[in-house]
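# Examining the three-dimensional arrangement
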Amino acid sequence: MERAERPDALIDRLASAQHGVVGGSQLTDAGLSRRAIQWRAEAGRLHPIFRGVFRVGPVVLPHGREMAAVLACGKHAVLSHGTAGAIWEFAPQPAGGAIELSVPRAVRRRITGLVIHRSRHLNATDVTTRAGLPLTTPRRTLLDLAAVMPVSELERAAARAERAGLLRLADVV
């Protein structure tokens, strides 16, 4: 008979795979009660970042806020636009530290500190992962940035992406 995983070991395992953050729904799906989650938050073990998303422990890991944003927006959310460009390292971080995500058009969430783009067409071929983060591909990221970025900045971003071997400009045009 297999022994059930201890709650704190489960939390640590989830957090280690997700840049130090966990979703409350992940914890309840794994068998923790809402009261058990609340008790850990009150004890300082879980630190709320967004509604229903927690940082585990006192240290903010790189990309922890970005992963928390994805968890807060639901299973089909992906980092996009300037945030994806910064993760791919060919565009600057969005102004003011905002995190940009794309979600299916039907998702109706507003979360302070997040810029949520509702996409009519976000295909599986437009989505990938980098460093464990779901985000738009370099090609899709540049297409998204084309709608919001001045042409000169977009050209620099595209050139950086090509130099990094992330895409060929001939494939984007």
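Conventions adopted
Residues numbered from 1 in each chain as written. Predicted model: local features only at pLDDT ≥ 70, side-chain atom pairs only at ≥ 80, totals over all residues. Heavy atoms only, no water. Core = buried A, V, L, I, M, F, W, Y, C linked by side-chain atoms within 4.5 Å. Buried < 20%, exposed > 50% of the residue type's maximum accessible area, 1.4 Å probe, protein only. Helix = DSSP H or I, 4+ residues; strand = E, 2+ residues; numbered from the N terminus. Expected span 1.5 Å × (residues − 1). Arc of directions from axis to C-beta. Salt bridge = Lys/Arg side-chain N within 4 Å of Asp/Glu carboxyl O. 1 Å grid on protein atoms, 1.4 Å probe; cavity = no way out; pocket = protein on both sides within 12 Å on 5 of 7 lines; lining within 4 Å. Points joined across faces, edges and corners; volume = space filled by probe spheres on them. Nonpolar A, V, L, I, M, F, W, Y, C, P; charged D, E, K, R; others polar.

Right, let's talk about the nonpolar core for a bit. Nonpolar side chains tend to gather and get buried jointly when the protein is soluble and globular. Among the nonpolar cores identified, the biggest contains 32 residues, and F50, C73, L79, F90, L101, L114 and L142 are the most heavily contacted of them. Mapped by element, the contributors of at least two residues to this core are helix 4 (64–73), helix 5 (81–88), strand 5 (99–104), strand 6 (114–119), strand 8 (133–136), helix 6 (138–146) and helix 7 (151–163). Here this core takes six residues from helix 4, the largest share from any one element. One finds I11, A15, V22 and L27 within the second-largest nonpolar core, a separate group that totals 12 residues.

What follows is about helix 7. An ideal rise of 1.5 Å per residue puts 18 Å on 13 residues; helix 7 measures up with 18 Å between its terminal C-alpha atoms. Within the span of helix 7, buried status applies to L154, A157, A158 and A161. When helix 7 is viewed along its axis, its buried side chains cluster within an angular range of 100° and face the same direction. Turned more than 90 degrees away from the buried face of helix 7, the exposed residues are E155 and R163. Where helix 7 ends, the next residue or the one after it, G165, has phi of about 80°, a positive value.

Scanning the model with the defined rule gives six salt bridges in all. For R35, the salt bridge is made with E42, and the minimal N-O distance between the two is 3.7 Å. Residue R35 is classed as partly exposed on the basis of its relative accessible area of 47%. Of the charged contacts in the structure, one is a salt bridge between R140 and D144, with a shortest N-O distance of 2.9 Å.

All right, on to the layout of surface pockets then. By volume, the largest pocket is sized at about 570 Å³. Lining the largest pocket are 19 residues, with G24, S25, R51, G52 and V53 sitting closest to its centre. At the level of elements, helix 2 (24–29), helix 3 (34–42), strand 3 (53–56) and helix 4 are the ones that each hand at least two residues to the lining of the largest pocket. The dominant element in the lining of the largest pocket, judged by the number of residues it contributes, is helix 2, at four residues. Partitioned by chemical class, the residues of the lining of the largest pocket number seven nonpolar, seven polar and five charged.

Purely geometric stuff here, so don't read any function into it on its own.
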